[in-house]
Amino acid sequence: MPEHLKVTRDGAVAVLTIDRSEKRNALTAGMWAALPGVLAGLAEDPAVRVLVVTGAGPTFCAGADIGDLLGGPDSADPMAQLRRDNLAAQAALRDFPRPTIAMVRGHCIGGGVELATCCDLRFTDPTGVFGVTPARVGIVFTPTSVRQLVQLVGPATARYLLYSGELLDAEAALRTGLVDRLLPAGDLAGEVRRFAEVLASRSALSQRAAKEVVAALAAGRDDDAVEELAARWYRETAASGELAEGVAAFTERRPPRFPWSP
């Protein structure tokens, strides 16, 4: 396992922890580069049904390690390699084939927001503090990162955050759509675990279909392409027995034993 990235498993739930608490979990260039491989290994494990991403200690992630921002070999664009690795990490998390939850305590800044917005869902508690801070250090956020942000909070709030670098507290993050759940102090880990187990009990086929259709719609794919994507999943739910098992379990008032796996 790469340094400062920790993976634990509890049943069907895997937890990826950014574990560099002495630096508020700031991500080094090496950590960005290592994330796609870590996520690929988890994606290949059929026992993993849900992924939780979090930070060690009281902070989620303070962003990219500022010491790496000027470390590239090209003086005209010293962030070129870091930007490539950052985008690859974002893509690997965004395209992870099972549901993902960002569990955010404390500061979630810059690259931390990039990671959180690439997860399907974001849960926080009253300690959560969120900031998109390129204007504080003269960085240009990539279009990929801006698109993820705009899809959650809309253009107006995205401009506010990108222009100012101002921080949002947990209530403001909930109100703007940056997070999905704001939980009472002390309840975050327990509720994330409970909800992850709920997700793990549902149809993996339905979840995969929903994830792909939502992504296709968000990407602006044409209606015919999205309809064909959904139709393929409709056929699979019948062919795999997933739908039959779901109906049988509902009728018999028992937990379903869904047969489909990727």
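Above this note sits the structure.
In this text, all values refer to a predicted model and were calculated from it rather than measured experimentally.

(A) Region of the structure containing the sheet that holds strand β6 (residues 121–124). Spatial strand order, β1-β2-β3-β4-β6-β9: six strands in an open sheet with mixed pairing. Two strands in the sheet have a free side with no partner beyond their single neighbour: β1 (5–10) and β9 (181–182). Bridge analysis of β6 against β9 gives two bridges, and the strand direction is parallel. Bridging from a neighbouring strand, threonine 124 pairs with leucine 182 of β9. Where helix α7 (residues 188–201) meets the sheet, its contacts fall on β1, β2 (13–18), β3 (50–55), β4 (100–104), β6 and β9, and the angle it forms with β4 comes to roughly 175°.

(B) Broad picture of the sheet that holds strand β5 (residues 107–109). Pairing in this open sheet of three strands is mixed, and the strands run β5-β7-β8 from one edge to the other. The sheet is open, and its two borders are formed by β5 and β8 (167–169), each paired with just one other strand. The average angle at which neighbouring strand axes cross in this sheet is 20°, direction not considered. Relative to strand β7 (residues 129–131), β5 is paired through three bridges, and the arrangement is parallel. Of the residues in β7, the one forming a bridge with histidine 107 is valine 129. Against the sheet, helix α3 (residues 111–118) engages β5 and β7, with an angle of about 90° to β5.

(C) Molecular detail of the packing of helix α2 (residues 80–94) against helix α5 (residues 143–164). Contact geometry of α2 with α5 gives a least axis separation of 10 Å together with a crossing angle of 40°. Contacts between α2 and α5 involve Leu87, Gln90 and Arg94 from the first element and Thr144, Ser145 and Gln148 from the second. Counted by class, the contact of α2 with α5 contains one nonpolar, four polar and one charged residues.

(D) The pairing of β4, seen in detail. Extensive coverage of β4 is indicated by the burial of five of its five residues. Side-chain alternation along β4 places Thr100, Ala102 and Val104 on one buried face and Ile101 and Met103 on a second face that is also buried. Summarising the sheet, β3 and β4 pair through four bridges and their orientation is parallel. Bridged to valine 53 within β4 is alanine 102. Here β4 pairs with β6 via four bridges, running parallel. Looking at β6, one finds that isoleucine 101 is bridged to leucine 121.

(E) Structural context of the packing of aromatic side chains. Tallied over the full model, the rule gives two aromatic pairs. When the centroid spacing of 5.5 Å and the interplanar angle of 45° are considered together, the rings of phenylalanine 123 and phenylalanine 195 count as tilted. On the criterion of sequence distance, the pair formed by phenylalanine 123 in strand β6 and phenylalanine 195 in helix α7 is long-range, its members being 72 residues apart. Per residue, the accessibility class of phenylalanine 123 equals that of phenylalanine 195, and both read buried. Considering the side-chain rings of tryptophan 233 and tryptophan 260, the 5.7 Å spacing of their centres and the 75° angle between planes classify their relative orientation as edge-to-face. Residue tryptophan 233 is located in helix α9 (residues 223–239), and its partner tryptophan 260 is located in the segment after α10 (242–252); the two are separated by 27 residues in the primary sequence. Assigned by exposure class, tryptophan 233 and tryptophan 260 land together as buried. Positioned over the ring face of phenylalanine 123 is arginine 181, at 5.2 Å from the centre of the ring.

(F) Representation of the pairing of β2. With five of six residues buried, β2 is to be regarded as a mostly interior element. Bridging between β1 and β2 involves six bridges; their strand directions are antiparallel. Across the sheet, residue aspartate 10 finds its bridge partner in β2, namely valine 13. What sits between the antiparallel neighbours β1 and β2 is a turn of two residues, in which glycine 11 has the positive phi angle 65°. With six bridges joining them, β2 and β3 adopt parallel strand pairing. Note on β3: the bridge partner recorded for leucine 16 is valine 53. Traced from β2 through helix α1 (residues 29–43) to β3, the parallel crossover comes out right-handed.

Definitions and cut-offs
- Residues numbered from 1 in each chain as written.
- Predicted model: local features only at pLDDT ≥ 70, side-chain atom pairs only at ≥ 80, totals over all residues.
- Heavy atoms only, no water.
- Pairing = 2+ DSSP bridges.
- Helix = DSSP H or I, 4+ residues; strand = E, 2+ residues; numbered from the N terminus.
- Contact = heavy atoms within 4.5 Å.
- Axes fitted to C-alpha atoms, helices over the stretch in contact; angles between N-to-C directions.
- Nonpolar A, V, L, I, M, F, W, Y, C, P; charged D, E, K, R; others polar.
- Buried < 20%, exposed > 50% of the residue type's maximum accessible area, 1.4 Å probe, protein only.
- Phe/Tyr/Trp six-rings, centres within 6.5 Å; stacked < 30°, edge-to-face > 60°.
- Lys NZ or Arg CZ within 6 Å of the ring centre and 35° of its normal.
- Right-handed = clockwise from strand over helix to strand, strands pointing away.

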